[in-house]
Amino acid sequence: MNIALASDHAGFEMKEMIARFLTGRGVDFADLGSRAGESVDYVDYAAAAAEAVLAGTCDRAILVCGTGIGMAMAANKFPGIRATVCWTPATAEMARRHNNSNCLTLGGRILDNQTALEIVRVWLETPFDGGRHERRLAKIAEIEKKSCGC
Ligand code: RB5
């Protein structure tokens with residue numbers, strides 16, 4: 001699996017920690033920024049990661065901002081992205097099992113490091129359940145199709 005990893009300034013430290021975690025587990029990732037010491041707009045990094053996933057250069061994305069909320073809002077504007085802000089390992093598990101999340105967003109100012117890494121681990125390892133959840137996600141895709149004509 002190849003992960004698009006990005007943050008704004010508020011998520012930078014957590015993004016760096018996740019990068020070390022992924023490296024330690026042998027998970028490939030592309031660090032799309034931000035870089036140390038710059039103040040940036042989370043929207044730009046959500047867009048870059050969403051585009052990498054939709055282009056197929058990355059399989060999924062992990063995005064960190066202050067709360068995880070702005071990243072999720074921006075990433076979910078891209079049809080085909082299912083961004084889920086997760087704040088516990090249990091929400092990460094359900095985001096994969098029921099929602100087939102392809103974009104995890106985290107709050108760098110909200111989560112402690114240990115919880116954040118456990119969320120990442122669970123989100124990476126949990127498969128999509130499929131079945132009735134396919135039908136529900138297909139309805140979301142249908143809404144995307146109608147609203148953007150794509
Ligand atoms: C940046 O100050 C902060 O607004 C941003 O990281 C994020 O939390 C937005 O949702």
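Each remark here, short or long, concerns the structure printed above.
What you see is a predicted model, and the numbers here were worked out from it, not measured in a lab.

Draft legend 1. Fine view of the environment of Ala 52. Examined against the element boundaries, Ala 52 turns out to sit in helix α2 (residues 42-55). In the structure, Ala 52 is positioned 22 residues away from Ala 30 in sequence and 9.3 Å away in space, judged by C-alpha atoms. Those residues in contact with Ala 52 that lie beyond four places of it in its chain are Ala 4, Leu 32, Thr 57 and Cys 58.

Draft legend 2. Just the pattern of salt bridges, in detail. Summed over all chains, the structure comprises 8 salt bridges. For Glu 16, the salt bridge is made with Lys 15, and the minimal N-O distance between the two is 2.9 Å. Arg 25 is the salt-bridge partner of Glu 125, the closest N and O atoms lying 2.4 Å from each other. Taken as a pair, Glu 125 in helix α5 (residues 113-125) and Arg 25 in helix α1 (residues 12-25) lie far apart in primary sequence, 100 residues in all. The class for Arg 25 is partly exposed, based on a relative accessible area of 40%. Connected through salt bridges with shared partners, the residues Lys 15, Glu 16, Asp 31 and Arg 35 form a single ionic network.

Draft legend 3. How the structure looks around α1. The end-to-end C-alpha distance of α1 is 20 Å, a good match for the 20 Å that 14 residues give at a rise of 1.5 Å each. Buried residues along α1 sit against β1 (2-7), β2 (28-31), β3 (60-65), β5 (103-107) and α5. At the C-terminal side of α1, Gly 26 shows a positive phi close to 70°.

Reading the values: rules and limits
Residues numbered from 1 in each chain as written. Predicted model: local features only at pLDDT ≥ 70, side-chain atom pairs only at ≥ 80, totals over all residues. Heavy atoms only, no water. Helix = DSSP H or I, 4+ residues; strand = E, 2+ residues; numbered from the N terminus. Contact = heavy atoms within 4.5 Å. Salt bridge = Lys/Arg side-chain N within 4 Å of Asp/Glu carboxyl O. Buried < 20%, exposed > 50% of the residue type's maximum accessible area, 1.4 Å probe, protein only. Expected span 1.5 Å × (residues − 1).

From the geometry alone we can't say anything about function, so treat these as descriptive.
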